[in-house]
Number of protein chains: 2
Amino acid sequence: MHKFGVQGNINTWLDQIHHEYKTAVSVDCVIFGYDHSGLKILLIPCDMPPFENRLSLLGDIVHPDETTDEAAHRVLSTRTGLDDIYLEQVQVFSDLKRHPLSRVITVSYYSLIKIENDDFLLEKDNLGLQWKNVKDITELAFDHKLIMDTSLDRLKRNLREHPIGFALLPSVFTLNQLQTLYESVLGFEMDKRNFRRKLGNLEILKATGETQKDVSHRPAKLYYFDKEAYEEKLKNGFSFGL
Amino acid sequence: MHKFGVQGNINTWLDQIHHEYKTAVSVDCVIFGYDHSGLKILLIPCDMPPFENRLSLLGDIVHPDETTDEAAHRVLSTRTGLDDIYLEQVQVFSDLKRHPLSRVITVSYYSLIKIENDDFLLEKDNLGLQWKNVKDITELAFDHKLIMDTSLDRLKRNLREHPIGFALLPSVFTLNQLQTLYESVLGFEMDKRNFRRKLGNLEILKATGETQKDVSHRPAKLYYFDKEAYEEKLKNGFSFGL
DNA sequence: TCAAAAGTGTTACTTCTACACCCATGC
DNA sequence: GCATGGGTGTAGAAGTAACACTTTTGA
């Protein structure tokens, strides 16, 4: 093999590239939801051999007139009817054999949605669309299990460094719900008093003044994430951490 | 616009995709090097209009028979003759107008090399290939400035959380060289004694027993990064941090 | 003997961890 | 009145940040 600089810079050579250098590009979305039973992702049955009996992530080919971010947003809004969803690019998977029909390079995203808003599951075009507990997922179609695991690692990290957990909870929540979310996703228990003290110091939660109703114990105060306060603090060099 | 589930799962619909949904995919490498004058990246002149007077990152189209990781490694080894280079995927850039000739989705990588090994600059096929100080770079061809900035952010973060700084230094170095690297990349000064204490506690550096030669001051001890010790510690739940 | 970087400890402050009891509500 | 989760403070440990002088070498 030649050693140095024999091929051109892509940017100078692109006009020599013919269509066999082109490839299909897709996006795959790991859509996380959360409820009392734990962290879940949204899956759909796969009908492509040899994966007919498996579930797969939601994805689609990237269209010529959209960015990959836009494609991911399109997949989400088409499937769920939801806009303004937390969405983050994870990474590219480009294994040659990852797709049985042809070469498909995929860009993975993860997103966080409030599981309470899942009326879209009833839509007739969404047949088979379902939530699965992350802990119960042992295999998926294609390399989607790998994509899920990679996204989950990313989620765990971001959960501690950015105020994104709120995107998985109802817009108003109790401190215990928040702590349980953290424990469930991260996989270890946290001390109640320390957790609450840290949150208090952050000063990004506001009490609604309301409390829980119809619970057979002392009702908890309800809070919401004060995004404006958070962004104001960001400007002053503040950084979130739990 | 239709609302729900009208398009198929990519995985079930791929056979319907014709070639106009295919696109060129490239990799672009932000190759970092470091010496006393600071952090640099490797650039090459661009000869594609309208960027004839700008420099660009090293990149190439992804071939049909290779992953994007392999393409990035190929670009690196073809240009520099170096193998076994630290390489990490950053993210995809897919803006529709990012490339003047046609749509090109690019996967960016950053890599770290020991600048002392830059004989490859002399190769005839590498005409114009050059190191530029990151601080002096105000514009690049295409969206490469954005790619550089994004990669630099990633580097800064990883530098504090993973033992990667060593990949930019000679295989044997002084503690002061290491500290200066950190200060230069991260952009703030660190306390010498605290820095050394932290490093000592990590127990991943070993003294060679040698010292600097031919310096007109007290010669510093030389160290190397003990990768085996580091990986052993990793298994026991250790995590790097500076 | 001077210049220049190497090397080394202590103290105050901040943050983190571990831990136990009373409170408000529904049944 | 009892079961259930809600809500609160303190003390010890660990880690971080700030700070100055002596040493070794070459010129």
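Residues numbered from 1 in each chain as written. Chains lettered and ligands numbered in written order. Predicted model: local features only at pLDDT ≥ 70, side-chain atom pairs only at ≥ 80, totals over all residues. Heavy atoms only, no water.

**Looking at the pairing of strand E1 (residues 22-35) of chain A**
Each regular strand displays side chains that alternate between the two surfaces of the sheet. Here E1 of chain A lies mainly inside the structure; 13 of its 14 residues are buried. For E1 of chain A and strand E1 (residues 22-35) of chain B, the ladder comprises 3 bridges, and the chain directions are antiparallel. Bridging across to E1 of chain B, threonine 23 of chain A finds its partner in threonine 23 of chain B. Where E1 of chain A meets strand E6 (residues 104-112) of chain A, 9 bridges bridge the pair, whose relative direction is parallel. (Buried < 20%, exposed > 50% of the residue type's maximum accessible area, 1.4 Å probe, protein only. Helix = DSSP H or I, 4+ residues; strand = E, 2+ residues; numbered from the N terminus. Pairing = 2+ DSSP bridges.)

**What to know about the pattern of salt bridges**
Going through the model one piece at a time under the given rule, you end up with 24 salt bridges over all chains. With its nearest N and O atoms 2.6 Å apart, the salt bridge here joins glutamate 161 of chain B to arginine 157 of chain A. A residue pair is termed interchain when its members come from two chains, as with glutamate 161 of chain B in helix H3 (residues 144-161) and arginine 157 of chain A in helix H3 (residues 144-161). One salt bridge in this structure joins lysine 145 of chain B and aspartate 149 of chain B, with 3.0 Å as the shortest N-O distance. Placement of the pair is lysine 145 of chain B and aspartate 149 of chain B together in helix H3, with a separation of 4 residues, close to one helical turn. The class for aspartate 149 of chain B is partly exposed, based on a relative accessible area of 29%. (Salt bridge = Lys/Arg side-chain N within 4 Å of Asp/Glu carboxyl O.)

**Concerning the packing of helix H4 (residues 175-186) of chain B against helix H5 (residues 192-202) of chain B**
To describe two helices that pack against each other, one gives the angle between their axes and the distance between the axes. Residue and element names in this part refer to chain B. Axis separation between H4 and H5 bottoms out at 11 Å; the angle between their running directions is 105°. Put simply, H4 runs roughly perpendicular to H5. Residue-level inspection shows Leu175, Asn176, Leu178, Gln179 and Tyr182 of H4 in contact with H5, the latter providing Lys192, Phe195, Arg196 and Leu199. Among the residues forming the contact of H4 with H5, the class breakdown is 5 nonpolar, 2 polar and 2 charged. (Axes fitted to C-alpha atoms, helices over the stretch in contact; angles between N-to-C directions. Parallel < 35°, antiparallel > 145°, perpendicular 65-115°, else oblique. Contact = heavy atoms within 4.5 Å. Nonpolar A, V, L, I, M, F, W, Y, C, P; charged D, E, K, R; others polar.)

**Quick notes on the packing of aromatic side chains**
Residue and element names in this part refer to chain A. Inspection of the entire model under this criterion finds 16 aromatic pairs over all chains. Considering the side-chain rings of tyrosine 86 and tyrosine 110, the 6.0 Å spacing of their centres and the 45° angle between planes classify their relative orientation as tilted. Taken together, the positions of tyrosine 86 in strand E5 (residues 86-93) and tyrosine 110 in strand E6 put the pair 24 residues apart, joining distant regions of the chain. Take tyrosine 110: its relative accessible area is 0%, and that puts it in the buried class. When the ring of tyrosine 230 is compared with that of phenylalanine 238, the centres are 6.2 Å apart and the planes differ by 80°; the resulting orientation is edge-to-face. The pair tyrosine 230 / phenylalanine 238 is uniform in exposure class, with both members buried. (Phe/Tyr/Trp six-rings, centres within 6.5 Å; stacked < 30°, edge-to-face > 60°.)

**Thoughts on the state of the cysteines**
Residue and element names in this part refer to chain A. According to the stated counting rule, one finds 0 disulfides over all chains in the structure shown. Cysteine cysteine 29 is unpaired, with the sulfur of cysteine 46 as its nearest cysteine sulfur at 16 Å. Owing to a relative accessible area of 0%, cysteine 29 belongs among the buried residues under this scheme. (Disulfide = S-S within 2.5 Å.)

**As for the protein's contact with DNA strand D**
Near DNA strand D, the surroundings consist of 20 residues, among which Lys192, His217 and Lys221 of chain A together with Val215 and Arg218 of chain B are the closest. In DNA strand D, atoms within 4 Å of the protein come from the sugar-phosphate backbone in 36% of cases. In the model, a phosphate oxygen of DNA strand D is placed 3.3 Å from a nitrogen or oxygen of the arginine 196 of chain A side chain. The separation between a base nitrogen of DNA strand D and a polar side-chain atom of arginine 193 of chain B is 3.2 Å. (Near = heavy atom within 4 Å. Polar contact = N/O pair within 3.5 Å; in protein donor to acceptor, adjacent residues only side chain to side chain.)

**Quick notes on a positive patch on the surface**
Residue and element names in this part refer to chain A. Taken together, the side chains of Lys192, Arg193, Arg196 and Arg197 make up a positively charged region of the molecular surface. One can find arginine 193 in helix H5 (residues 192-202). Residue arginine 193 is classed as exposed on the basis of its relative accessible area, which comes to 65%. (Patch = residues over 30% accessible without salt bridge, like charges linked within 9 Å, V, L, I, M, F, W, Y side chains within 5 Å. Areas by Shrake-Rupley, 256 points an atom, 1.4 Å probe, with all protein chains shown as cover. Lys, Arg positive; Asp, Glu negative; His and termini not counted. Charge placed at Lys NZ, Arg CZ, Asp CG, Glu CD.)

**Section: the environment of valine 104 of chain A**
All names here are of chain A. Position of valine 104 relative to the elements: it lies in strand E6. Take valine 104: its relative accessible area is 1%, and that puts it in the buried class. In the structure, valine 104 is positioned 80 residues away from alanine 24 in sequence and 4.9 Å away in space, judged by C-alpha atoms.

Keep in mind these numbers describe shape, not what the thing actually does.
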